[in-house]
Amino acid sequence: MSAAVRKIAVALGTLLVLAALAFAFLPALLEAALNRVGQRPPYAAQPWARELMKDSVDLHADPLLWGRDLLQRSSRGQVDLPRLQEAGAALQVFGAVTQAPSGMNVSRNKSDAADLVTALALVSRWPRGAWKSRRERALYLAQRLREMEERSNGQLFPIRSRAELLALFDQRGKGSHAVGALLALEGSQALEGDLAAVDALYDAGFRMMAPTHFTDTEVSGSAHGVAKGGLTPLGRRWLRKLEEKKIMVDLAHASPQTVADVLALATRPVVVSHTGVKATCDSPRNLSDAQLAALKKNGALVGISYFSSAICGTDARAIARAMRYAADVLGVKHLALGSDFDGAVQTPFDVTGLPLLAEALRAEGFSDPDIRAIASRNALRFFAAQLP
Ligand SMILES: [Zn+2]
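Residues numbered from 1 in each chain as written. Predicted model: local features only at pLDDT ≥ 70, side-chain atom pairs only at ≥ 80, totals over all residues. Heavy atoms only, no water.

This part takes up the overall build of the protein. Along the protein, the regular secondary structure elements total 15 helices and nine strands. Compactness check: the protein gives a C-alpha radius of gyration of 21 Å against a globular reference of 21 Å for 388 residues, within 12% of the reference. Classification of the 388 residues of the protein by burial places 57% in the buried group. Considering only contacts within the protein whose residues lie at least 6 apart along the sequence, 72% involve residues at least 24 apart. Only carbon and sulfur atoms are counted for the fraction: they give 57% of the accessible area of the protein, which is about 15,700 Å². Separation of charge centres in the protein, based on 46 positive and 38 negative side chains, amounts to 2 Å. (Helix = DSSP H or I, 4+ residues; strand = E, 2+ residues; numbered from the N terminus. Rg over C-alpha atoms; globule rule 2.2 N^0.38 Å. Buried < 20%, exposed > 50% of the residue type's maximum accessible area, 1.4 Å probe, protein only. Contact = heavy atoms within 4.5 Å. Areas by Shrake-Rupley, 256 points an atom, 1.4 Å probe, with all protein chains shown as cover. Lys, Arg positive; Asp, Glu negative; His and termini not counted. Charge placed at Lys NZ, Arg CZ, Asp CG, Glu CD.)

Next up, the structure:
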């Protein structure tokens, strides 16, 4: 090998190593850029606020997407098991995202836009089947959660039934800090148009499913889609199937027509896992007064989110303001936490900062029993009634 050739070979080799390193760190870099907090921990909060936020239940977070080991405390993102345990949390709903259109925005996204989850699946080296298939992506994310539960020595506790929820509380009552994990599908494009997929996803542990995420699907229109239609004929059969199997229906991201169609047909209470209210933040993803009234009639559970496009603010007080308004129209007993932690959003704090929200809720005039109801009791009662 001549000196020149050796030089070129060394340069090429270096380039390859650098490219491989960049590739390996890309998901982490992406997450560090997307899942930020306004204020980093630790958070100074009153002891009473910490006490009120004990046993908290959160209706939606997306940490499964970024490939982190959730059993390890991370300086990235907003939620993992050690931080949930530090917060005294009892249950976290983990979302599985299978499609995210490039140029993602709240008003109009095409179903065939280039998909960011495809890119993430490739750089994160998801199994080959999940490179293309949205159903395989959902099953892979479910398997990742399962694998972490198995490694956690019972600290991350799967919640697939009422019996498992009761077992979790039995353990926590004896001093355990185990945290329940309930799996949710964010967008039914993962069905790939086939209702039989619901059975496979149920068997993989999914107990909550949303008809859409950012784009219209075979099941229904999205609030951020193009046609923004209601339930399709397949969507009506989807709803019946979910009710039969006692899978909770999640209307976060659904178009107004879809919300109306589901509430007209539903025989069981629904969830809106992470949302805001138009009255404090006029966004296409947020609920109108009429929708809040219809959700109250349905017996729904509504989780208020923490990020700025849901609450039009960047602090705990903005979350509390949305909760105050929602409670007045909807009734406190229908209200819950719906952080959207690690959903490519900035939040005021990570999960260990939850007591700051208790302080903001008190400042908005909520009583201590009301704060406990929002943080924990409402969602636990709802899940105990709705889980199979
Ligand atoms: Zn979402």
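What follows is about the layout of surface pockets. Reported here for the largest pocket is a volume of approximately 730 Å³. Elements that contribute at least two residues to the lining of the largest pocket include exactly helix H1 (3–34), helix H4 (116–123) and helix H12 (308–311). No other element matches H4, which puts five residues into the lining of the largest pocket. Class assignment of the residues belonging to the lining of the largest pocket gives a composition of 20 nonpolar, 12 polar and four charged. The calculated volume of the second largest pocket comes to roughly 280 Å³. In this structure, the second largest pocket is lined by 18 residues; those nearest its centre are Arg40, Pro41, Ser75, Arg83 and Asp350. Looking at the lining of the second largest pocket, its residues break down into five nonpolar, five polar and eight charged. (1 Å grid on protein atoms, 1.4 Å probe; cavity = no way out; pocket = protein on both sides within 12 Å on 5 of 7 lines; lining within 4 Å. Points joined across faces, edges and corners; volume = space filled by probe spheres on them. Nonpolar A, V, L, I, M, F, W, Y, C, P; charged D, E, K, R; others polar.)

Below, the discussion takes up the coordination of the zinc ion. Looking at the zinc ion, one finds its protein donor set to be Glu186 (OE), His253 (NE2) and His274 (NE2), positioned 2.1 Å from the metal centre. Motif for the zinc ion, donor spacing along one chain: E-x66-H-x20-H. Of this pair, Glu186 sits in strand E4 (residues 179–186) while His253 sits in the loop between strand E6 (248–249) and helix H10 (256–265), and the two are 67 residues apart along the sequence. The same class applies to Glu186 and to His253, which are both buried. (Donors = N, O, S within 2.8 Å, 3.2 Å for Na, K, Ca; no water.)

All right, on to the packing of aromatic side chains then. On inspection of all chains with the given rule, the structure shows five aromatic pairs. Seen in terms of ring centroids, Trp126 and Tyr140 are 5.3 Å apart; in terms of plane orientation they differ by 45°. Their pairing is tilted. Here Tyr140 lies in helix H6 (residues 134–151) and Trp126 lies in the loop between H4 and helix H5 (129–132), a separation of 14 residues in the sequence. Stacked on the ring of Tyr202, the Lys or Arg Arg207 has its end atom at 3.6 Å from the ring centre. A cation over a ring is seen here: Arg324 above Phe366, with NZ or CZ 4.1 Å from the ring centre. (Phe/Tyr/Trp six-rings, centres within 6.5 Å; stacked < 30°, edge-to-face > 60°. Lys NZ or Arg CZ within 6 Å of the ring centre and 35° of its normal.)

With that settled, consider the state of the cysteines. With the rule as written, the count across this model stands at one disulfide. Each disulfide pairs two cysteine sulfurs, and for Cys281 the partner residue is Cys312, the sulfurs being separated by 2.1 Å. In this structure, the disulfide formed by Cys281 and Cys312 twists by about 65° around the S-S bond and is classed as right-handed. Taken as a pair, Cys281 in the loop between strand E7 (271–275) and helix H11 (289–298) and Cys312 in the loop between H12 and helix H13 (316–330) lie far apart in primary sequence, 31 residues in all. (Disulfide = S-S within 2.5 Å.)

Turning our attention to the pattern of salt bridges. The full count for this structure, using the stated rule, is 22 salt bridges. Across the pair Asp368 and Arg362 runs a salt bridge whose closest N-O atoms are separated by 3.0 Å. Taken together, the salt bridges that share partners define one network made up of Glu31, Arg68, Arg76, Asp80, Arg83, Asp342 and Asp350. (Salt bridge = Lys/Arg side-chain N within 4 Å of Asp/Glu carboxyl O.)

The subject of this paragraph is helix H9 (residues 233–245). A rise of 1.5 Å per residue sets the reference length of H9, with its 13 residues, at 18 Å; its end C-alpha atoms lie 19 Å apart and thus fit the reference within 8%. When H9 is considered as a whole, its buried residues turn out to be Leu234, Gly235, Trp238, Leu239, Lys241, Leu242 and Glu243. The elements touched by buried residues of H9 are helix H8 (196–203), strand E5 (206–209), E6 and H10. (Expected span 1.5 Å × (residues − 1).)

Mapped onto the elements, Asp261 comes out in helix H10. The buried charged residue Asp261 lacks any salt bridge, with Arg236 as its nearest oppositely charged partner at 5.3 Å.

Turning our eyes to something else, we now look at unusual backbone geometry. Put simply, Pro41 and Pro42 share a cis peptide bond, and its omega is 0°. Tracing the backbone shows Pro42 in the loop between H1 and helix H2 (47–52). A positive phi angle, near 50°, is found at Cys312, a position not held by glycine. On the basis of relative accessible area, Cys312 is assigned to the partly exposed category, the value being 48%.

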